Amino acid sequence: MIRTLLLIIVMGLASTISAQEKESLDLNALYQQIDDAISQSPQYVAKLKQQLAACQDSFLMEKSAEKRILMAEKLFRLYEPYRNDSALHYAELCITLADSLRRPDLSGRFRSMLAYQCSTANMYSESLELLRTIDKSALDNTGLIDYYNAWMHVCGEIGSYTQRKDVRHHYFDLQNHYRDSVLMVAEEGSEKWFHLKMDVLSARRLYQDALELSNQWLEKVTDNTHESAYAAFYRSMVYDNLNNHEMVCYWLGKSALDDIKCAVMNQASLLFLAEHLADDGDISRARRYVEFAKECNLAFCPRMRFYQVNPVINVIEKSSQATQSKANLILIVAIAAIVFLLLALFYVFSLMRKAKRKE
């Protein structure tokens, strides 16, 4: 009873914040911006490709191994949300360069980055093998953040998709352990700190605190960046817990819009938004969004990942149901029209018979 009352209070406070946000809330206008961004997607991709080409040229011309590592890492960061195979390549190149310089601190950090990228693409065995080769004692603070974050991610993924209850509990416990580890070493106010802190607050149902932290995060990020998309996505998750459908769609839309403008191929927000639109009956737009997001995700990684499959299937199913419902409606109208015509003909024939009898 107490928990229920607290949740009602929190939802009431959240609705106050929602009222403030709704002053600038226009979902139709936001969806139009997303439609425009999708049509301009080739231009955003071309701009990123130019940046990648310039960075690759600089990398090839550089002779210093120390500077080549920095450039290889920059290329990894650029490819990380864009092309998984290229991101893996540059992470491996970073490891090779670090090993050649006998820098176990850098080698361990780059192995952690590679492990995270592997688990992002469902390569859980590869991720675990990499993490077990890392000498944690050689890592500096930055390396520890990447190391714990990679462990947290792969444990969460395995826990989410295993069908064995004991295994699920084991890996979720490990995920919580590594989340706490990241929070202990991450700088307060950093991107990783914000999103993990949001996880913790949401898990404890402290949604008001999560929204206040989200406000701080959104004030800190730069608009139209992958980080701003990330912050918007986490805000949508809080509203999802509060069953505020309209605000969920708004913040998923903001997240998707920023990712499209950044040529991010590892799409999540647009898929989830498409699923909500299908629930609302906007099947045409939902299909457009899910098709675009599916193309992006397959460009990032040749196979769909687990969390991406359900939204696609749900939108397709709702589209089929809507098509079937429309066909059924047309059939009913057609039958009704035929019955009406038959009745009308019967009535006309009746009048004609009466007229002949009078003659």
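Below is a summary of the structure that appears in this document.

Moving on, we get to the nonpolar core. With 104 residues, the main nonpolar core has Ile34, Leu270, Leu273 and Tyr289 as its most contacted residues. Tallying contributions element by element places helix H8 (residues 141-161) first for this core, with ten residues. When residues no more than four places from it in sequence are discounted, the contact partners of Tyr289 are Tyr31, Ile34, Asp35, Ile38, Leu270, Leu273, Ala274 and Leu277.

What the rule picks out here adds up to eleven salt bridges. Among the ionic pairs, Arg179 bridges to Asp199, the shortest N-O distance being 3.9 Å. On the criterion of sequence distance, the pair formed by Arg179 in helix H9 (residues 165-185) and Asp199 in helix H10 (residues 191-203) is long-range, its members being 20 residues apart. The same class applies to Arg179 and to Asp199, which are both buried.

Bringing the environment of Tyr230 into the picture now. Tracing the sequence through the fold places Tyr230 in helix H12 (residues 226-241). Overall, the relative accessible area of 23% leaves Tyr230 in the partly exposed class. Setting aside residues no more than four positions away along its own chain, Tyr230 makes contact with Glu191, His195 and Trp217.

Structurally, the position occupied by His276 is in helix H14 (residues 269-279). Residue classification places His276 among the buried residues on the basis of a relative accessible area of 18%. Among residues more than four places away in sequence, those in contact with His276 are His245, Val248, Cys249 and Leu252.

The rules behind these values
- Residues numbered from 1 in each chain as written.
- Predicted model: local features only at pLDDT ≥ 70, side-chain atom pairs only at ≥ 80, totals over all residues.
- Heavy atoms only, no water.
- Core = buried A, V, L, I, M, F, W, Y, C linked by side-chain atoms within 4.5 Å.
- Buried < 20%, exposed > 50% of the residue type's maximum accessible area, 1.4 Å probe, protein only.
- Helix = DSSP H or I, 4+ residues; strand = E, 2+ residues; numbered from the N terminus.
- Contact = heavy atoms within 4.5 Å.
- Salt bridge = Lys/Arg side-chain N within 4 Å of Asp/Glu carboxyl O.

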